[in-house]
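What the coordinates show
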Amino acid sequence: MAEQVTKSVLFMCLAVFRKLVTDQNISDNWRIDSAATSTYELGNPPDYRGQACVKKHGIPMSHVARQVTKEDFATFDYILCMDESNLRDLNRKSNQVKNCRVKIELLGSYDPQKQLIIEDPYYGNDSDFETVYQQCVRCCRAFLEKVCYQAVLLWPRLIPPGHVSTVNSVPSEPRPQPSLQLTRCFSPDKIIVDGNQSLCLAKE
């Protein structure tokens, strides 16, 4: 049996993605963290309105803000950020890291509704926080589907020579439209995942 490896991701919407992988029973396959590109709120908990919004949806939130570090660029596979300002800052920082391995993307690039930028709701009201929450849920779900679907397609190439697979939950042919249910095949004894994947969502 091939050794299972862990995916990792650094998020701004840490609580949302953590809830998704927990519900799919694959949290052991992911390393998830949250970091900011600025120093404004370092050491502070999330905005009380954001906490109230996710609590309304049954999601606990208990982390405190930290700043993204050079180590993050070398140890995470993904950094997902909210807007173009974040994207520029992160790309600039990544250019200063010799062993940078992370893929930096806008979280909104995964939005099925094509809303590329996730606006900061800080100066808005409760409905703005709800809008951002719904965007993050859509994007995190789509990201998770894509990563898991890619691993399913990759799985046949990763089987060691002469290995007889007992996996019966992996489709024999590619599915044109992946479903979130694909993530349920990612138990430690069932599938190989290619490389450590990190999801790091950054905010201002």
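It should be emphasised that the depicted structure is a prediction, and the values quoted were computed from it without experimental measurement. (Residues numbered from 1 in each chain as written. Predicted model: local features only at pLDDT ≥ 70, side-chain atom pairs only at ≥ 80, totals over all residues. Heavy atoms only, no water.)

From N to C terminus, the protein chain includes five helices and five strands. Moving toward the C terminus, one meets the helices and strands of the protein chain in the order β-α-β-α-α-β-α-β-α-β. Per-residue burial for the protein chain yields a buried fraction of 47% across its 204 residues. Within the protein chain, residue pairs in contact and separated by at least 24 positions form 75% of the contacts whose partners lie at least 6 positions apart. Working note: accessible area of the protein chain is about 11,200 Å², and carbon and sulfur atoms make up 48% of it. (Helix = DSSP H or I, 4+ residues; strand = E, 2+ residues; numbered from the N terminus. Buried < 20%, exposed > 50% of the residue type's maximum accessible area, 1.4 Å probe, protein only. Contact = heavy atoms within 4.5 Å. Areas by Shrake-Rupley, 256 points an atom, 1.4 Å probe, with all protein chains shown as cover.)

Before going further, it helps to examine the nonpolar core. Judged by nonpolar contacts, the single largest core of 32 residues is most densely connected at Phe11, Phe17, Trp30, Ile32, Leu107, Phe143 and Leu144. When contributions to this core are tallied by element, the ones reaching two or more residues are β1 (7-11), α1 (14-23), β2 (30-36), α2 (48-56), β3 (78-81) and α5 (126-158). Of the residues forming this core, the biggest block, 12 residues, is contributed by α5. Grouped together as the second largest cluster of nonpolar side chains are 12 residues, Phe73, Ile79, Cys81 and Ile104 included. (Core = buried A, V, L, I, M, F, W, Y, C linked by side-chain atoms within 4.5 Å.)

Let us look at the environment of Arg88. Relative to the assigned elements, Arg88 resides in helix α4 (residues 84-94). In this structure Arg88 comes out as exposed when scored by relative accessible area, which is 54%. Between the alpha carbons of Arg88 and Ile104 there is a distance of 9.9 Å; along the sequence they are 16 residues apart.

Here we take up the pattern of salt bridges. What the rule picks out here adds up to nine salt bridges. We note a salt bridge from Asp33 to Arg66, for which the minimum N-O separation is 2.9 Å. Residue Asp33 is located in strand β2, and its partner Arg66 is located in the loop between α2 and α3 (70-75); the two are separated by 33 residues in the primary sequence. Taking relative accessible area as the criterion, Asp33 reaches 25% and is therefore assigned partly exposed. (Salt bridge = Lys/Arg side-chain N within 4 Å of Asp/Glu carboxyl O.)

The next point concerns unusual backbone geometry. Of all residues except glycine, most have a negative phi; of all peptide bonds, most are trans. Backbone geometry at Asn25 places phi at a positive 60°, although glycine is not the residue there. Among the secondary structure elements, Asn25 is positioned in the loop between α1 and β2. Here the phi dihedral of Lys114 falls at roughly 65°; this positive angle occurs in a residue that is not glycine. Relative to the helices and strands, Lys114 is located in the loop between β4 (103-106) and α5.

To continue, consider the side chain of Asp111. Note that Asp111 resides in the loop between β4 and α5. The class for Asp111 is buried, based on a relative accessible area of 3%. Of the polar contacts made by the side chain of Asp111, one reaches the backbone nitrogen of Gln113; its length is 2.9 Å. Engagement of the side chain of Asp111 in a polar contact is seen with the side chain of Arg138, the distance being 2.8 Å. Among residues more than four places away in sequence, those in contact with Asp111 are Arg138 and Cys139. (Polar contact = N/O pair within 3.5 Å; in protein donor to acceptor, adjacent residues only side chain to side chain.)

Per the UniProt record, the feature "active site" (unreviewed entry) sits at Asp120. As for its placement among the helices and strands, Asp120 is situated in the loop between β4 and α5. (UniProt positions renumbered as here; feature names shortened; annotations may be inferred.)

Another aspect to go through is the confidence of the model for the protein chain. Of the residues in the protein chain, 71% reach a pLDDT of 70 or more, and the chain-wide mean stands at 76. This model gives residues 156-204 a pLDDT under 50, and the stretch forms 136 contacts once residues within four places in sequence are excluded. (pLDDT = per-residue confidence, 0-100.)

A complete count under the given rule lists six aromatic pairs for this structure. On the numbers, 4.9 Å between centres and 85° between planes, the contact of Tyr122 with Tyr123 is edge-to-face. Classification of Tyr122 by relative accessible area gives partly exposed; the value is 45%. Looking at Tyr123, the relative accessible area reads 79%, which means it is exposed. Between Arg49 and the ring centre of Tyr122, over which it is positioned, the NZ or CZ distance is 5.5 Å. (Phe/Tyr/Trp six-rings, centres within 6.5 Å; stacked < 30°, edge-to-face > 60°. Lys NZ or Arg CZ within 6 Å of the ring centre and 35° of its normal.)

This part is about the environment of Val137. Checked against the element boundaries, Val137 lands in helix α5. Along the chain, Val137 and Leu20 lie 117 residues apart, while their C-alpha atoms are 8.5 Å from each other.

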